[in-house]
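Single-letter residue listing:
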Amino acid sequence: MRRTSVLACWIWLGVAGLVLAGCAAVGPDYVPPGTQVPASWQDLPDPAVVPSRADILNWWQLFNDPLLDDLVSEAVASNLDLQVAVARVAEARAFYEAAGGERFPVVDAEGQVERGRTSENLGVIGGGSTATTYTVGLGASWEIDLFGRIRRSIEAAAANYQASEEDRTDVLVALLAEVARSYLDLRTYQARLAVTQANIRSQKEILRLTDSRFRNGLATGLDVAQAQRILASSEADLPPLRTGVTNTMYAIDILLGLQPGSSKARLQAVQPIPVPPARVAIGVPADILRQRPDIRRAERELAAQTARIGVATADLYPYLSLTGTLGLASISSSDFFDSDSGAWSLGGILQWRVFDGGRIRALIRVQDARTQQALLLYERTVLSALQEVESALTAYAEERRRLEALRRSADASRRTLDLSTLLYKQGLTDFENVLDALRAVLSSEDSVATAEGNVAINLAVLYRTLGGGWDAQAPEGGPQEKAGEEPKE
C-alpha cells in the first residue's frame, strides 16, 4: 500500500509538471522582418548579364578549368578557417542541447555511510551511543516552466545554433571566391610575365638592329643608349611579376591547408586566363535574401535576441520547482533493504521576487534595446548586400568594356611598332618613334592581360556577393528550418 502511494505521488508530480509547463510563454513571439527589396537591379549595362534565374551553386565551373575545380574541392575538404567554423557549429549545437536539457527533471543518486557518537550531555535517550547509518536514494528537482523562461532560452539557443551554421556557410562562400580569385591572380601574373618576356625579346631585336646601324654609321650612340634603357626597364619588371606568381601559389596552398610550395609542381605550368561565359545569369534582388548567408545569419541573430526578451520577462513572474526524494535509510546493514527502511518526500518551492529596485524591468529594457539593434543590423546587412551586388555588377560590366578598348589599343600599338620599325630601317623616321611604340606595346599588352584577369576576378566577386557556392534549399550541414522553428533533434 505504501509503495502504491509513493508511486501515485510521483505520477502526480510528473502530470502536474507537464500541465503547468503548458502555460503560455511570456515575451514577444518572433516574427521574421518583412524586408522590402527592389524588383530588379538598378542597371544592367552589359547584355552579357541577364536577370534570369541564376545557377550559382557551382559557379566556378563556368570557367571550364579542371584545375580550378580540383583546387576548390580540396579547399572545401581541408581549409583550416572552414574547419574552425565547423567546430563553432558543433559548439553552438552543444549549447542548444544543454538548453533543451532544462525541460526535464534533474535526478541525483546518492549513497552515504556515516558512523558517529552522540553526546552524553544532551539529556536524550541513547546519549553517548555510537552508531552507523546507511542511506541511499534518488533526489529529483524540476523547474516548472510556468511562464516560458526555459522555452525562450531554448528558442534563443536554437537560433544561435542556426546563426552559427549560416556563419559556417558564409566562410564557405568566401573561401570559394578566394580560391578562384587567387587562381585567377596566378594566371594573370603568368600572362603579364609572358607579355613582358615577349616584349623583351622584341626589344632585344630592336637593340641589335640599332647597334648594327650604329656600327654602319646609320644611327647615333644616343639611339643605342635609349634602346638599352628601354630593355633594362622592361627587364626590371620581371622580378615583381615572378614574385607575384610565387606568392600567389603560396596563398593558394594556405587556402588548401597546405604548407607553402606544396602545389608548385602543378601550378607553375603556364595556362591561359580562364575566360568567363558569354552570358551570366544573376537572378533578381529578392534571391539574395534566401541565398546570402550573412543576411540569414543576421535574421537568426535577431530571432535569438527576440527570445531573450522572454527570458528576461519571465523573471517578473513566480518560479515553481517540484522536489522529491525516494530512498532507503537504516542504522543496520542487515535490515537495510526491508520495507520499513523506505523513505520519501514530495514538495514544491514557489519563489517570487517582489522587490528588486527595478532591476528586472531595466534588464528587460536592455533586451528590448538589443533586439532593436539586431533589427537595424539586419536591415543594414540587407542594404550592404544590395550595394555589394550592384557595385560588382558595375565593375564586371565596365571592366569588360575596358578590356575591349584595351585590345583595340594593343592592336594599334603593335601595328605602330611594326610600321615605325620598318620606316626606321628605311631611314624615313626617327628612332624616338620606335621607342615610343615599344613603350606603348608593352604598356597596352600588359594592360590587356591585367584587364582579362580583372574581368574573370570581377565575375568571381559578383558570384561571391550573390552568395554563390551552396544550396540554400539543401538540408546538409545544419538546420534549414523555417524562421522561428527549433532545429530537429
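Report follows, based on the coordinates. All values derive from a computational prediction rather than experimental measurement. (Residues numbered from 1 in each chain as written. Predicted model: local features only at pLDDT ≥ 70, side-chain atom pairs only at ≥ 80, totals over all residues. Heavy atoms only, no water.)

1. Topic: the overall build of the protein
The number of helices and strands found in the protein is 11 helices and six strands. Put simply, the protein has 489 residues, and 41% of those count as buried. Nonlocal contacts in the protein, meaning residues at least 24 apart in sequence, comprise 84% of its contacts between residues at least 6 apart. (Helix = DSSP H or I, 4+ residues; strand = E, 2+ residues; numbered from the N terminus. Buried < 20%, exposed > 50% of the residue type's maximum accessible area, 1.4 Å probe, protein only. Contact = heavy atoms within 4.5 Å.)

2. A few points about the packing of aromatic side chains
Counted by the stated rule, this structure contains five aromatic pairs. Ring centres of W59 and Y463 lie 5.6 Å apart, and the angle between their planes is 10 degrees; this geometry places the pair in the stacked category. Placement of the pair is W59 in the loop between β1 (49-50) and α2 (66-78) and Y463 in helix α11 (residues 431-465), with a sequence separation of 404 residues. The buried category is assigned to Y463, whose relative accessible area is 2%. Here the aromatic cluster, defined as three or more aromatic residues joined through ring pairs, consists of W59, W60 and Y463. Above the ring of Y424, the side-chain terminus of R213 is found at 4.4 Å from the ring centroid. (Phe/Tyr/Trp six-rings, centres within 6.5 Å; stacked < 30°, edge-to-face > 60°. Lys NZ or Arg CZ within 6 Å of the ring centre and 35° of its normal.)

3. Considering the sheet that holds strand β5 (residues 319-330)
Hydrogen bonds between backbone atoms are what pair the strands of a sheet, whose relative direction is either parallel or antiparallel. Ordered in space as β2-β3-β5-β6, the four strands form an open sheet in which the pairing is antiparallel. The outermost strands of the open sheet, each flanked by one partner alone, are β2 (106-117) and β6 (342-351). The average undirected angle you get between the axes of adjacent strands in this sheet is 20 degrees. When strand β3 (residues 130-144) meets β5, the two strands line up antiparallel, connected through 11 bridges. In the strand pairing of β5, I144 is matched with L320. (Pairing = 2+ DSSP bridges. Axes fitted to C-alpha atoms, helices over the stretch in contact; angles between N-to-C directions.)

4. What about helix α6 (residues 238-255)?
With 18 residues, α6 extends 26 Å between its outermost C-alpha atoms, agreeing within 8% with the 26 Å of an ideal straight helix rising 1.5 Å per residue. The set of residues buried in α6 consists of L238, L241, G244, V245, T248, M249, I252, D253 and L255. Contact partners of the buried residues in α6: α2, α4 (149-215), α5 (221-236) and α7 (264-267). One or two positions beyond α6, positive phi appears at G257, with a value near 75 degrees. (Expected span 1.5 Å × (residues − 1).)

5. A look at the pairing of β3
Where β2 and β3 come together, 12 bridges link them in antiparallel fashion. Looking at β3, one finds that G116 is bridged to A131.

6. Considerations on the pattern of salt bridges
Under the criterion given, the structure shown has 24 salt bridges. In this structure, E388 engages R292 in a salt bridge whose closest nitrogen and oxygen atoms are separated by 3.0 Å. Residue E388 is found in helix α10 (residues 359-425), and its partner R292 is found in the loop between α8 (286-291) and α9 (293-313); the two are separated by 96 residues along the sequence. Taking the relative accessible area as the measure of exposure, E388 reaches 33% and is therefore partly exposed. For R292, a relative accessible area of 2% translates into the label buried. R439 is the partner of E432 in a salt bridge, and the nearest nitrogen-oxygen pair spans 3.5 Å. One connected set of salt bridges, linked through shared partners, spans D167, D170, R297 and R464. (Salt bridge = Lys/Arg side-chain N within 4 Å of Asp/Glu carboxyl O.)

7. Observations concerning the packing of α4 against α11
Where α4 contacts α11, the axes come no closer than 9 Å and their chain directions differ by 170 degrees. Relative to α11, the element α4 is oriented roughly antiparallel. Tallied by class, residues from the contact of α4 with α11 come to 18 nonpolar, seven polar and seven charged. (Parallel < 35°, antiparallel > 145°, perpendicular 65-115°, else oblique. Nonpolar A, V, L, I, M, F, W, Y, C, P; charged D, E, K, R; others polar.)

8. Description of the side chain of N458
In this fold, N458 is placed in helix α11. Polar side-chain contacts of N458 include one of 3.3 Å to the backbone oxygen of A395. Excluding its chain neighbours within four sequence positions, the residues that come into contact with N458 are A395, Y396 and E399. (Polar contact = N/O pair within 3.5 Å; in protein donor to acceptor, adjacent residues only side chain to side chain.)

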